Amino acid sequence: MIRFEQVSKTYPGGHQALSHVDFHIKPGEMAFLTGHSGAGKSTLLKLISIMERPTAGRVLINGHDLRKIKSSQVPFVRRDIGMIFQDHRLLMDKSVFDNVALPLIIEGYSVQEARKRVLAALEKVGLADKYRHYPQMLSGGEQQRVGIARAIVNKPPLLLADEPTGNLDPKLSMEIIRLFESFNKVGVAVLIATHDLGLIARLKYRTLTLKEGRLINDGLEEEPLA
Amino acid sequence: MSLLFGNRESAAGAQQRQKLAWYRRALMVPVHHLQQAVASLGELWRNPFASLLTMAVLGLSLTLPSALYVLVKNTSAISGEWQQASQMSLFLRKDLDEQTRQTLKTQWELDPRIDEVTLITKEQGLAEFRQRSGFGETLDYLENNPLPDVLLVIPAESFRAPEKAESLLAELEGAREVEFGKLDVQWLERLQALLNLAKDILGGLGLLLCLSVVLIVGNTIRLNILSQREAIVVMKLVGATNAFIQRPFLYTGVWYGFVGGILAWLATALLIWWVESSVLTVTELYDTQFQLAGLSFNEMLFVWLIAVVLGLAGSYLAVRRHIRSIEPQ
């Protein structure tokens, strides 16, 4: 599903964020991406969603080399990837419904056609009754779940999450992770970047560990990094 | 359609994705445009003061050229009327006898290029001059009549244009009996030159004002875009194309032009109404009936079209530059 082949990324100015990263996440797999801040987690996710381009190496999604994707095609790639952010990235002046409907409207659905899917997505994250609310009226955990509903509303085969539990307490964090597990169960590949090692330790999932831009561990996280 | 997952419908995890029939998608295009047009109007409505300012600037900028245009149009109409009535005076030599004058008159009357010939004898001329000038008694001191006989010639319809009348006059002047001729077009030519000057000024000024409208609208839209930066980033993250994101901004520009054009009409009409009474006073002094013509329906449509095009052009400039440059970080 996602394949990195000797991927390096050097930012203008010389900072090397990733060097020679190699891994493959299979369709329907769920994996964590971890490491200290600045280890390159965000850069790695940005390479998948083509917010950045690698300096060397190849990134492939479903066998497609992302180097061959022109910038005019990038939006269409992003429609295949559900993205979740630590800061939710919701439109604050739009209702929950409008926020979740956004990816469908962008794809050309009318509001009526989108309605059923939006409500179904909100149902999955347990916010079906709050579709009329505005993001400010919701708690942090609820806002995060709106972001998740938006990411899954067009049923992408791949979910990327960047510190989705960053601002949440352990109980809420676990709820969010359970939500990801439920999507994974129906076959969606999920890659979650997090530095919440305690959370990872409790779940036996494949974990990619980055340190200073290098992939130093790929497998089950046995013990938290010091 | 999915770029990376050609078989996304059947791809693991993605449940059966309800496909939209092509004709429904085709139908959705105009509906979407309409929705976005209305949505951006709503957006303007939410911030009416700032948008009205931009619309007013646009409208008033277009008012000046359209008012100037109305002025030039009316002046052209007047000078056109006067040109039609052009007549020439041919002053005859003083040593002619009555018969020669009559012969010349008859000869010219037969000329197909000439409509009408009137003889004003020096006695008639003096009487008229006495009556009109108010020098009545002074003229009595003159020992003899200094005025020549005059033949007033009105050219045929097809010879009334300035150049043709000019050449006709040159020919008539060539006659032995004629001292010299005068075509009353010199002031007309001056008026024509002034009109041309006004037209050139109108063109230059109009162009400058249009350019400034484009820049003003562009700047306003640029500020709109920058204030929506966060939302644009979010839309790009969930897969919106530049075309999708820029559409509401383009519609905003169109609305600026739409309303600005109407403001330009109103302001032009107001301006015409304002000067109409003084124009009437002037024309009454000249004993002429004159109706000041405002913008015709077609001209109004044209002003409107220009306004909308300028609004669109301004927003397009801003959108092209700024939507692309905003990328998620």
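Once a new chain begins, its residue numbering starts again from 1 and follows that chain's sequence as written. Think of it this way: whatever chain is written first is A, whatever ligand is written first is 1, and the rest follow in order. In keeping with the model being predicted, local features are shown solely for residues with a pLDDT of at least 70 and side-chain atom pairs are shown and tallied solely at 80 or more, while totals for entire chains, interfaces and linings include all residues. Remark: hydrogens and water are excluded; side-chain values derive from all non-hydrogen atoms of the structure.

Under the annotation held in an unreviewed UniProt entry, chain B carries the name Cell division protein FtsX and is attributed to Idiomarina aquatica. UniProt positions are given in the numbering used here, feature names are shortened, and annotations may be inferred rather than shown by experiment. Looking at chain B in UniProt, the text filed under Subcellular location (unreviewed entry) is "Cell inner membrane". Check the Function (unreviewed entry) section of the UniProt entry for chain B; it says "Part of the ABC transporter FtsEX involved in cellular division."

As recorded in an unreviewed UniProt entry, chain A goes by the name Cell division ATP-binding protein FtsE, listed as coming from Idiomarina aquatica. Under the UniProt heading Function (unreviewed entry), the note attached to chain A is "Part of the ABC transporter FtsEX involved in cellular division. Important for assembly or stability of the septal ring."

(A) View of the interface of chain B and chain A. Should any heavy atoms of two residues lie within 4.5 Å, those residues are considered in contact. Taken together, the contacts link 30 residues of chain B with 37 residues of chain A. What counts as buried area is the accessible surface, traced by a 1.4 Å probe, that two parts surrender upon association, with contributions from both included. Interface area for chain B against chain A, summed over the two sides, is near 3,400 Å², with a carbon-plus-sulfur share of 58%. Any carboxyl oxygen of Asp or Glu that lies within 4 Å of a side-chain nitrogen of Lys or Arg is treated as forming a salt bridge with it. Our count for the contact surface shared by chain B and chain A stands at zero salt bridges. Nitrogen and oxygen atoms within 3.5 Å of one another constitute a polar contact, given that in protein one can donate a hydrogen and the other can accept it, and given that sequence-neighbouring residues count only through two side-chain atoms. Between chain B and chain A we count two residue pairs in polar contact (both at pLDDT 80 or more) in total.

(B) Highlighting the side chain of Lys9 of chain A. All names here are of chain A. For Lys9, the position within the fold is in strand E1 (residues 2–10). A polar side-chain atom of Lys9 sits 2.9 Å from the main-chain carbonyl oxygen of Arg53. The contacts of Lys9, once residues within four sequence positions are left out, are His15, Gln16, Ala17, Leu18, Thr43, Leu47, Glu52, Arg53, Pro54 and Thr55. Elements are defined by DSSP. Helices are runs of H or I of four residues or more, strands are runs of E of two residues or more, and each kind is numbered from the N terminus.

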